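Letter by letter, the chains look like this.
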Amino acid sequence: MGVNFPISPSSLSEGFLTNVLEKTPFGFALMNGEYIVEFANDIWLEIAHKTRDEVIGKKFSDLFPETGEQIIPHCENVRKTGNAFHAPEFSIKLVRNGILQDVYFNFIYHPVYNESGNFQCFVTVAMEVPEMIEIKTKVKEDEERLRLATESSHTATWELNLLTREVIHSHYLSEIFGYGSDELVSHQQLRSHLSEYDRIHVVEKAFEEALKTGIYKYEAQITDKNGVEKWVATNGKVFFDGLGQPTRMLGVMQDISERKKSEILLKQSHHQLNTAMEATKLGTFDMDPESLQKYNFSPRFLEIFGYDATKETIGSNILEKHIHKNFIKTRAEALREAKETGDLYYQTKIVLRDGSVKWIELYGRLLPPANGSKAYISGTVRDITDLKNFEEKISASEKKYRFLADSMPQMVWIGEPDGKLTYFNKSTLDYSGKDYNHFIDGNGWLEIVHPEEQKENLRLWEKSVKTKKPFAYEHRFRNKHNEYRWFMSRAYPELDELGNVTKWVGTSTDIDEMKRQENQKNDFIKMANHELKTPVTTIKGYVQLLKKMRGDSEDKFLVNSLNTIENQVNKLTVLIGDLLDISRMESGKLPLNKREFSLLKLVTETIEDIKASEQSHQINFELKHTTDVEVYGDKERITQVLNNLLTNAIKYSPLATVVNVKLYVEKNHAVVSVEDFGIGMDGKELKKIFERFYRVSGDDEETFPGFGIGLFIVKDIMDRHDGKIWVESEKNKGSKFYFSLPIFTNL
Ligand code: ADP
């Protein structure tokens, strides 16, 4: 081989060394000061992809035009300083086991000097770094894994060069800011999406802080490119150079809008809860479900127990300390139950340090463990002193009323909104001889009602309950001696502000005596009527006879007297008739003899009749209908109605001279009006004139004789004809009475 080794250790022969170097497992070559290759072993040649002939005696830079140029300045340095140069690992493609592979080598350029210290040559050693491949792949894999991890956890990564402000970032960062995932977004652009406030007060502050501490961290609001508002969080680290100058920042960014949204919601609901707590003046506490130790008392809790929340604290034995002795058992039971069910509830009296007594209500519910915290009972406490006092007052006043109700001779009873009777006063029980339970059991009370009235009684009561209208009924109740007496029962619903029945309050008044008297009165009227009718009819007959015989006599006094007698007897007849009608009406026995007839004829005839006996007024009749008007009813009774209205019109307008009568048809009804210009009535009186025995009281009462039953009968007659009667009137101007009847049709 003829190689001249610059060093020839005396102990080793040249041939031996050459042999060793040929066979070493690393590449080995020698270069002289002119960079001419003088020796290269097999491995080196293999690495260099060259043959020995191609290499020996050739200039390094000619052999490897690319790397040679770079290596030479380093080697110059090596020659000067005597320090070896380690070229960074070098990847070279080699066929190994028939497969082309990336193989990594470390090249070392080492200077060799002779004994006098003069530079001799460069030794080039190429050592394979097999683990390099593994490391490189591992790094690549790790990088890939990191990328996947960051992407799947929706974490964007970025790197900021602090000297150039250049930013490199992952695709996801572009997406957070609303850009296409392939778009690169500059540092400037990123900042422009921050809200003005956050940019100045959050991000720039955090940035300055990071340059000092090395840690970059913030949460801020952005509006992305599409105008969507978002929250982002950044975590980063600053890298400093050898002189302590910050050179770059590395970090991750996350879109935390969802988290922020729920944080804001949570804050809001916390706020709402607090407001509700304040409004309801609830104190709060937490409790361990096992030990039942209370803790976390709110200021209001302290306040309820009479402590100053700003200065004092309380221990978990707060209730033991203050509970009223009568309630120790109640509390123990509630706590035992809370342990079992997780629900805590009790009301108790507490005694404060100043000796005053309060009522409180404690309520708690077991909350399951969450976010690493243990399960606990969250509780509230409410001061219910006022409520309790009020309740006590109510029950005291209820007692008072019960007492009152019980001491009344009248029967008093109370019913639920659904009609079930739940209370009867003492009078009821005393009268019937039954006990309380007997009455409230089902419809037990119905048993004392006379069998003849039971059905109707129940029907009316159910109707009232359904319609929420007052109940009124006359019925007989059986007393403890099995005798029946008449009672008038009335009940009124008590309504709440929504119009729902909260209670029925009823009374039953003994009207037995009244009933008896009324029956006697009716019997008397009936009898009197009969007894009066006979003499009056006789007088009337004789007067008519006398008038016939002496009506044309010269004796004016006689004629006048006969006329007066006849008039008065007629009035007496009407009066007797009215009285009889009333008693018949009350027993529901006023007979009606209905058939169709001409109302027009009735009106004209009645007016004629009145004219014959009453000359004081002129009665005008106006017909506002072209044909006859037929109605269906009792002609006598309708005549009675009109008669009544006409005589009233004359009677109550003594200073007037005219009465106007009209007949017209309106909406299938025939209407008759009687108008006078007399004393009239005011609104208050108008409502009552159709009641029995009602007479307008006043100075005129004496002047206008009457019983106050005419209009009562008129009203009843109209009702029983499906007709109507009404009046318009003004005090001192006059009245206008109307009545209407359905037109008769053959259909
Ligand atoms: P009476 O006329 O017998 O008193 P009524 O029942 O006919 O009884 O009338 C009841 C009351 O109505 C009368 O007392 C009177 O005050 C009032 N009244 C009836 N008709 C008229 C009228 N045309 N003008 C003024 N008041 C009247």
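Residues numbered from 1 in each chain as written. Predicted model: local features only at pLDDT ≥ 70, side-chain atom pairs only at ≥ 80, totals over all residues. Heavy atoms only, no water.

## Regarding the state of the cysteines
Chemically, a disulfide is nothing more than a covalent bond linking the sulfur atoms of two cysteines. Test applied: What counts as a disulfide here is a pair of cysteine sulfur atoms lying within 2.5 Å. In this scheme, a residue with accessible area under 20% of its type's maximum is buried, one over 50% is exposed, and one in between is partly exposed, where area comes from a 1.4 Å probe on protein chains only.
Tallied over the full model, the rule gives zero disulfides. Its sulfur unpaired, C75 is 12 Å from the next cysteine sulfur, which belongs to C121. Under the relative-accessibility criterion, C75 is labelled buried at 0%.

## Looking at helix α21 (residues 635-651)
Every α-helix carries 3.6 residues per turn, so stepping three or four residues along brings you back to the same face. We count it as follows: Numbering goes from the N terminus for both helices and strands, where a helix is a DSSP run of H or I of at least four residues and a strand is a run of E of at least two. Take the residue count of a helix, subtract one, and multiply by 1.5 Å to get its expected span. Nitrogen and oxygen atoms within 3.5 Å of one another constitute a polar contact, given that in protein one can donate a hydrogen and the other can accept it, and given that sequence-neighbouring residues count only through two side-chain atoms.
Between the first and last C-alpha of α21 there are 24 Å, a value that for 17 residues agrees with the 24 Å anticipated at 1.5 Å per step. Taken residue by residue, α21 has R637, I638, Q640, V641, L642, N644, L645, L646, N648, A649 and I650 as its buried positions. At the N-terminal end of α21, a side-chain oxygen is found 3.1 Å from the backbone nitrogen of E636, two or three residues along, and the residue is D634.

## Topic: the site of the ligand
Put simply, the rule is: What makes a residue near a molecule or strand is one non-hydrogen atom of that residue sitting within 4 Å of it. Each accessible area is a Shrake-Rupley estimate made with a 1.4 Å probe; only the visible protein chains count as cover when residues are assessed. Under the scheme applied here, ten amino acids are nonpolar (Ala, Val, Leu, Ile, Met, Phe, Trp, Tyr, Cys and Pro), four are charged (Asp, Glu, Lys and Arg), and all others, including Gly, are polar.
Of all residues adjacent to the ligand, which total 19 residues, the nearest are N648, Y652, D676, R695 and L711. One nitrogen or oxygen atom from the side chain of K651 is found 3.2 Å from an oxygen atom belonging to the ligand. Take L711: an N or O atom from its main chain is 2.8 Å from an oxygen atom of the ligand. Protein burial of the ligand: of its 530 Å² of free accessible surface, 96% is covered by the chains. For the shell around the ligand, the elements supplying multiple residues, two or more each, are α21, α23 (710-719) and β27 (734-742). Considering each element in turn, the shell around the ligand owes the most residues, three residues, to α21. Grouping the constituent residues of the shell around the ligand by class yields 10 nonpolar, six polar and three charged.

## Here we look at the sheet that holds strand β8 (residues 215-223)
How we decide: Strands were regarded as paired on the criterion that DSSP finds at least two bridges between them. Convention adopted: a line fitted to C-alpha atoms gives each axis, helices being fitted over their contacting stretch, and angles between N-to-C directions are expressed from 0 to 180 degrees.
Read from one edge to the other, the open sheet built from five strands follows the order β7-β6-β10-β9-β8, with strand pairing classed as antiparallel. The open sheet has two edge strands with one neighbour each: β7 (167-169) and β8. Taking the axes of each pair of neighbouring strands and ignoring which way they run, one obtains an average angle of 25° across the sheet. Here strand β9 (residues 229-240) pairs with strand β10 (residues 246-255) via nine bridges, running antiparallel. Residue pairing for β10: F239 is matched across the bridge by R248.

## Here's the deal with a nonpolar patch on the surface
Formally: For patches, a residue must show more than 30% relative accessible area and have no salt bridge; joins then use 9 Å for like charges and 5 Å for nonpolar side chains, namely Val, Leu, Ile, Met, Phe, Trp and Tyr. Salt bridge, as applied in this entry: a Lys or Arg side-chain nitrogen positioned within 4 Å of an Asp or Glu carboxyl oxygen.
Taken together, the side chains of Y542, L545 and M549 present a nonpolar region at the surface, about 360 Å² in accessible area. Position of L545 among the secondary structure elements: in helix α18 (residues 512-550). Judged by its relative accessible area of 47%, L545 is partly exposed.

## Examining the packing of aromatic side chains
So the rule is basically this: Geometry of aromatic contacts follows a simple scheme: Phe, Tyr and Trp rings, the Trp one being its six-membered ring, pair when their centres are within 6.5 Å, and the pair is stacked under 30 degrees between planes, edge-to-face over 60, tilted otherwise.
Counted by the stated rule, this structure contains 20 aromatic pairs. Plain terms: the ring middles of F28 and F39 are 6.0 Å apart, the flat faces sit at 65° to each other, and that makes the pair edge-to-face. Of the two residues, F28 sits in strand β1 (residues 27-32) while F39 sits in strand β2 (residues 37-40), which places them 11 residues apart along the sequence. When sorted by exposure, F28 lands in the same class as F39, which is buried. On the basis of an interplanar angle of 25° and a centroid distance of 5.9 Å, the ring pair of Y632 and F744 is categorised as stacked.

## Observations regarding the pattern of salt bridges
This model, assessed by the stated rule, comprises 38 salt bridges. Of the charged contacts, one joins D383 and K358 as a salt bridge, the two residues approaching to 3.7 Å between their closest N and O atoms. Here the residue D383 occupies a position in strand β15 (residues 376-383), and K358 occupies one in strand β14 (residues 357-367), the gap between them amounting to 25 residues. On the basis of relative accessibility, which here comes to 27%, the residue D383 falls in the partly exposed class.

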